[in-house]
Amino acid sequence: MSAKDTRCIIHHPYVVAKMCLFSFFLAPLRLLGIFGVGFLFIVGFEIISRVNTSKRVMDVFCRIMSHLFLFCASIVVRTKGTPDPRARLWTSTHQHVADGFAIVAAGGPTRVLAKKQAGNIPILGYAARKWNAIFVDRRSPESRAEAMKKMKEAVTSTGEDAPLLVYPEGTTSFGDEVLGFHKGVFGLGRIWVQPIVVSYPYRYMNTCLGYVDNPRPAFCNLWLLMCQVVTPCTVEFLEPVFLDMDTAEENADKVRNHIITCTGRTDNNTLFKAPKNE
């Protein structure tokens, strides 16, 4: 990915004018709404977890609050397809920090594999911990080994636990390409995997984060979202894929090619390597 990638730059006159105008009255209201819904989510989650043991009630609550949280950030979710009960593993494309909430809004709560730093993000980190996220320090071999053990347990569970959600590209992108997949999660056994494609259709300005080696600054991305009237988001559950190949590499390629075939996205087999500070 080029360091001069113009998709990171806010250059369309319409977008610039809208941001200048909405920065004064719409963005502050959206920000207040996000923290308000976040507070309600935390309080409601704690109350329900103490007085009601029904998984159905908690699932509905989490989906409603995810929709409200996203709405306050201008994001309106549209769902295509349905979760397949056979799939204990969901693999998703990744364009935005809001992807997790969008997937929960569309398909219900899920466990997620996330880098350790994600647990420190307000609201998002709380939700991840309460949904039993598996955090991993990508610099630590011991942490990676422990994460693999927990993932194995998650995808072979026969109970009512939520599916495990993994972003196999290991980073965010602008959503018009499919990057190389890290193979680890595809060596967990012969299981059903359901690929998920999250996209943010746009006319003038892509609101996605971009690539880690060429990112749009986080504050700029948040500002951009807060100044949108509506940011459409589509969460598409593709047909599940059974991992029956001999190696993790072959299984990863099988799932990745399925996504490319179904969506028509560009094949960019660049494999993301985590920075040393992560």
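Refer to the structure presented above.
Presented here is a report on the structure given in the accompanying data block. (Residues numbered from 1 in each chain as written. Predicted model: local features only at pLDDT ≥ 70, side-chain atom pairs only at ≥ 80, totals over all residues. Heavy atoms only, no water.)

**Overview of the overall build of the chain**
- Broken down by element type, the chain carries eight helices and twelve strands.
- In the chain, of all internal contacts separated by at least 6 residues, the share reaching a separation of at least 24 is 76%. (Helix = DSSP H or I, 4+ residues; strand = E, 2+ residues; numbered from the N terminus. Contact = heavy atoms within 4.5 Å.)

**Here we look at the packing of helix α3 (residues 55-72) against helix α4 (residues 99-107)**
- Following both chains from N to C, one finds α3 and α4 inclined at 135 degrees, their axes separated by 8 Å at the closest point. If you check the angle between α3 and α4, you find them oblique. Here the hand of the crossing between α3 and α4 comes out left-handed. On α4, the residues that touch C62, R63, S66, H67, F69 and L70 of α3 are F101, A102, V104, A105, A106 and G107. (Axes fitted to C-alpha atoms, helices over the stretch in contact; angles between N-to-C directions. Parallel < 35°, antiparallel > 145°, perpendicular 65-115°, else oblique. Left-handed = near helix turned anticlockwise from the far one by under 90°.)

**Re α3**
- With 18 residues, α3 ought to run about 26 Å at 1.5 Å a step, and its terminal C-alpha atoms sit 26 Å apart, in line with that.
- Those residues of α3 not exposed but buried are M58, D59, F61, C62, M65, S66, F69, L70 and C72. In a view along the axis of α3, the buried residues occupy a sector of 165 degrees, so they form one face of it. Every exposed residue of α3 that faces more than 90 degrees away from the buried side is listed here: R56 and F71.
- Positive backbone phi, at 85 degrees, marks S74, one or two positions downstream of α3. (Expected span 1.5 Å × (residues − 1). Buried < 20%, exposed > 50% of the residue type's maximum accessible area, 1.4 Å probe, protein only. Arc of directions from axis to C-beta.)

**A short note on unusual backbone geometry**
- Although it is not a glycine, S74 sits at a positive phi angle of roughly 85 degrees.
- Tracing the chain through its elements places S74 in the loop between α3 and β1 (75-80).

**Overview of the pattern of salt bridges**
- Inspection of the entire model under this criterion finds five salt bridges.
- Measuring nitrogen to oxygen at the nearest pair gives 2.5 Å for the salt bridge that ties E46 to R50. Taken together, the residues span about one helical turn, with E46 and R50 both in helix α2 (residues 26-51) at a distance of four residues.
- Residue classification places R50 among the exposed positions, given a relative accessible area of 65%.
- For R256, the salt bridge goes to D267, with nearest N and O atoms at 2.5 Å. With R256 in helix α8 (residues 248-263) and D267 in strand β12 (residues 266-267), this residue pair connects regions lying eleven residues apart in the sequence. (Salt bridge = Lys/Arg side-chain N within 4 Å of Asp/Glu carboxyl O.)

**Some remarks on the pairing of strand β3 (residues 111-115)**
- As paired strands, β3 and strand β5 (residues 164-166) are joined by two bridges and run parallel to one another. For R111, the partnering residue across the bridge sits in β5 and is L164.
- Pairing analysis gives three bridges linking β3 to strand β4 (residues 134-136), with the strands arranged parallel. The residue of β4 that forms the bridge with K115 is V136. (Pairing = 2+ DSSP bridges.)

**Things to note about the nonpolar core**
- Counting residues in each nonpolar core, the largest one holds 50 residues, and the members touching the most others are F41, L70 and V235.
- Discounting residues that sit within four places of it in the chain, V235 has contacts with V77, R78, T79, K80, A102, I103, A106, I196, V197 and V198. (Core = buried A, V, L, I, M, F, W, Y, C linked by side-chain atoms within 4.5 Å.)

**Details of the environment of D137**
- Its location among the elements puts D137 in the loop between β4 and α6 (141-155).
- The sequence separation of D137 and K115 amounts to 22 residues, and the corresponding C-alpha distance is 6.0 Å.

**Things to note about the environment of L238**
- Of note, L238 is situated in the loop between β10 (231-237) and β11 (241-242).
- We classify L238 as buried; its relative accessible area is 5%.
- When the C-alpha positions of L238 and H258 are compared, they lie 8.8 Å apart, and in sequence the two are 20 residues distant.
- Those residues in contact with L238 that sit more than four places away from it in its chain are Q194, P195, V197, H258, I259 and C262.

**What to know about the packing of aromatic side chains**
- Across all of its chains, the model carries nine aromatic pairs by this definition.
- Seen from their ring centres, W90 and F237 are 5.4 Å apart, and the 70 degrees between their planes marks the pair as edge-to-face. With a gap of 147 residues between them, W90 in strand β2 (residues 89-92) and F237 in strand β10 connect regions that are remote in the sequence. As far as burial versus exposure is concerned, W90 and F237 are alike and both buried.
- Relative to F242, the ring of W192 lies with its centre 5.2 Å away and its plane at 55 degrees, an arrangement referred to as tilted. Residue W192 is located in strand β7 (residues 192-199), and its partner F242 is located in strand β11; the two are separated by 50 residues in the primary sequence. (Phe/Tyr/Trp six-rings, centres within 6.5 Å; stacked < 30°, edge-to-face > 60°.)

So far we have only geometry, and geometry alone does not tell us how the molecule works.
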